[in-house]
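Structure at a glance
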Amino acid sequence: MTRVDATVAGTVMTITLDGPDRMNSLSPDTLDGLDAALDAAERDASLTSLVITGTGRAFCVGMDIGFLGECFADPPGVFVPFIRRYHEFLDRLEACPLPSVAAVNGLARAGGFELLLACDFVIAADDAKVGDTHTDFGIVPGAGASQRAPRKLGDQRARAMLLAGRWLTGPEMVGWGLALASVPPAELAAEVARLTGALGDRSRAVTGIVKRLLNAAPDVTLAEGLRLERELFTRFHEEVADADEGYRAYVEKRRPVWNAR
């Protein structure tokens, strides 16, 4: 079974899939751990970002092979409810006001590919290997790959991964727009820390609103998106003092102390 370890250092929570002998595969117990970690992150007002990673040679290879046997034995009673629950977790992760970073340390496929698609940023090791693989096994994607991949990769590249079984290395992930950076494995933690350090300098309230706007952008017209931006801008500046604090900190040449965590 893959355990989920959630640790906090400063303003960053790291959620680690810890089942190296199972390639960090997913089971109902793993989803229990992921849900609990996200619950804790949302309650902790001191946090500014989340990191999701795995132990050993894999980031996450999707569903546990033993549990998958149970799913195929009873699709309506086991498989469909599990996928629905995983779908709900990924939706929560995507909507969470805290920016999330997938630190892809190794193999990611199927449900692991869908996990990184739901994160705001992806930093990959150069030797990481990422693929969808659902159609390789005669399975339809059920946790978001068919919808998030075209939005992040574009139509042709999404089709190459989902229909033709294309695999990507870390550098190829960057070239395809799936990852922000690819680094040697020994430098992965430091690269992730640089990104979370930059995220930690910002108001959590502002970051959450900007993330909401960015998430909405692919699904609305430009006019609708601009209307939402004006609405949230107005509401924020009427209710939160962080903009004034940012201005004063700049003028006074000091670090801002954000009120809205």
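What this report covers is the structure whose coordinates are included nearby. (Residues numbered from 1 in each chain as written. Predicted model: local features only at pLDDT ≥ 70, side-chain atom pairs only at ≥ 80, totals over all residues. Heavy atoms only, no water.)

Moving on, we come to the overall build of the protein. Looking only at helices and strands, the protein has 11 helices and 10 strands in total. Radius of gyration (C-alpha) of the protein: 19 Å, near the 18 Å computed for a compact globule of 261 residues. Overall, the protein is about 60 × 40 × 35 Å in size when its C-alpha atoms are taken along their principal axes. Across the 261 residues that make up the protein, the buried fraction comes to 45%. In the protein, the proportion of contacts linking residues at least 24 apart, taken out of those at least 6 apart, comes to 67%. Accessible area for the protein stands at about 12800 Å²; split by element, carbon and sulfur atoms hold 57% of it. Looking at charge distribution, the protein has the averaged site of its 28 positive side-chain charges lying 4 Å from that of its 36 negative ones. (Helix = DSSP H or I, 4+ residues; strand = E, 2+ residues; numbered from the N terminus. Rg over C-alpha atoms; globule rule 2.2 N^0.38 Å. Buried < 20%, exposed > 50% of the residue type's maximum accessible area, 1.4 Å probe, protein only. Contact = heavy atoms within 4.5 Å. Areas by Shrake-Rupley, 256 points an atom, 1.4 Å probe, with all protein chains shown as cover. Lys, Arg positive; Asp, Glu negative; His and termini not counted. Charge placed at Lys NZ, Arg CZ, Asp CG, Glu CD.)

This next bit is on the packing of helix α2 (residues 65–73) against helix α3 (residues 75–95). Between α2 and α3, the shortest axis-to-axis distance is 6 Å and the interhelical angle comes to 125°. Comparing the axis directions of α2 and α3 gives the class oblique. The two elements α2 and α3 meet at a crossing, and its hand is left-handed. Note on element contacts: α3 touches α2 through Pro75, Val78, Phe79 and Phe82, opposite Phe67, Leu68, Glu70, Cys71, Phe72 and Ala73. (Axes fitted to C-alpha atoms, helices over the stretch in contact; angles between N-to-C directions. Parallel < 35°, antiparallel > 145°, perpendicular 65-115°, else oblique. Left-handed = near helix turned anticlockwise from the far one by under 90°.)

So, on to the sheet that holds strand β8 (residues 129–131). Spatially, β4-β6-β8-β9 is the arrangement adopted by the 4 strands of the open sheet, whose pairing is mixed. Across the chains shown, the open sheet's two edge strands, defined by having one partner strand only, are β4 (58–60) and β9 (168–169). Note that strand β6 (residues 107–109) and β8 share 3 bridges and pair parallel. Within β8, the residue paired with Leu107 across the bridge is Lys129. (Pairing = 2+ DSSP bridges.)

A word on the sheet that holds strand β5 (residues 100–104). As summarised here, the arrangement of the 6 strands in space is β1-β2-β3-β5-β7-β10, forming an open sheet in which the pairing is mixed. This sheet does not close on itself; its edge strands, each paired only once, are β1 (3–9) and β10 (181–183). This sheet shows a mean twist of 20° between the axes of neighbouring strands, independent of strand direction. In this sheet, strand β7 (residues 121–125) lies alongside β5 in parallel orientation, the contact comprising 4 bridges. From the neighbouring strand, Val101 faces β7, where its bridge partner is Phe121. Lying on the sheet, helix α8 (residues 188–200) is in contact with β2 (12–18), β3 (49–54), β5, β7 and β10; it crosses β7 at an angle near 160°.

A full pass over the atoms with the stated rule returns 16 salt bridges. Arg92 serves as the salt-bridge partner of Asp35, at 3.4 Å between the closest nitrogen and oxygen. Of this pair, Asp35 sits in helix α1 (residues 28–43) while Arg92 sits in helix α3, placing them 57 residues apart in sequence. The exposure class assigned to Asp35 is buried, which follows from its relative accessible area of 18%. Residue classification places Arg92 among the partly exposed residues on the basis of a relative accessible area of 26%. One connected set of salt bridges, linked through shared partners, spans Asp32, Asp35, Asp39, Glu42, Arg85 and Arg92. (Salt bridge = Lys/Arg side-chain N within 4 Å of Asp/Glu carboxyl O.)

A few words on unusual backbone geometry. At Asn24, a position not held by glycine, the phi torsion is positive, near 55°. Mapped onto the fold, Asn24 is located in the loop between β2 and α1. Overall, the relative accessible area of 0% leaves Asn24 in the buried class. Non-glycine residue Thr133 carries a positive phi angle of around 70°. Mapped onto the secondary structure, Thr133 falls in the loop between β8 and α5 (145–153). Assessed through its relative accessible area of 6%, Thr133 is described here as buried.

Taken together, the side chains of Val206, Val210 and Leu214 present a nonpolar region at the surface, about 250 Å² in accessible area. By the element assignment, Val210 lies in helix α9 (residues 204–216). Given a relative accessible area of 40%, Val210 falls into the partly exposed group. (Patch = residues over 30% accessible without salt bridge, like charges linked within 9 Å, V, L, I, M, F, W, Y side chains within 5 Å.)

Another aspect to go through is the side chain of Arg148. Structurally, Arg148 is set in helix α5. Its relative accessible area of 7% is what places Arg148 among the buried residues. There is a polar contact of 3.0 Å between the side chain of Arg148 and the side chain of Glu94. Filtering out sequence-adjacent residues up to four positions away, Arg148 remains in contact with Leu90, Asp91, Glu94, Leu117, Ala118 and Ala143. (Polar contact = N/O pair within 3.5 Å; in protein donor to acceptor, adjacent residues only side chain to side chain.)

These results come straight from atomic positions and should not be treated as a statement about function.
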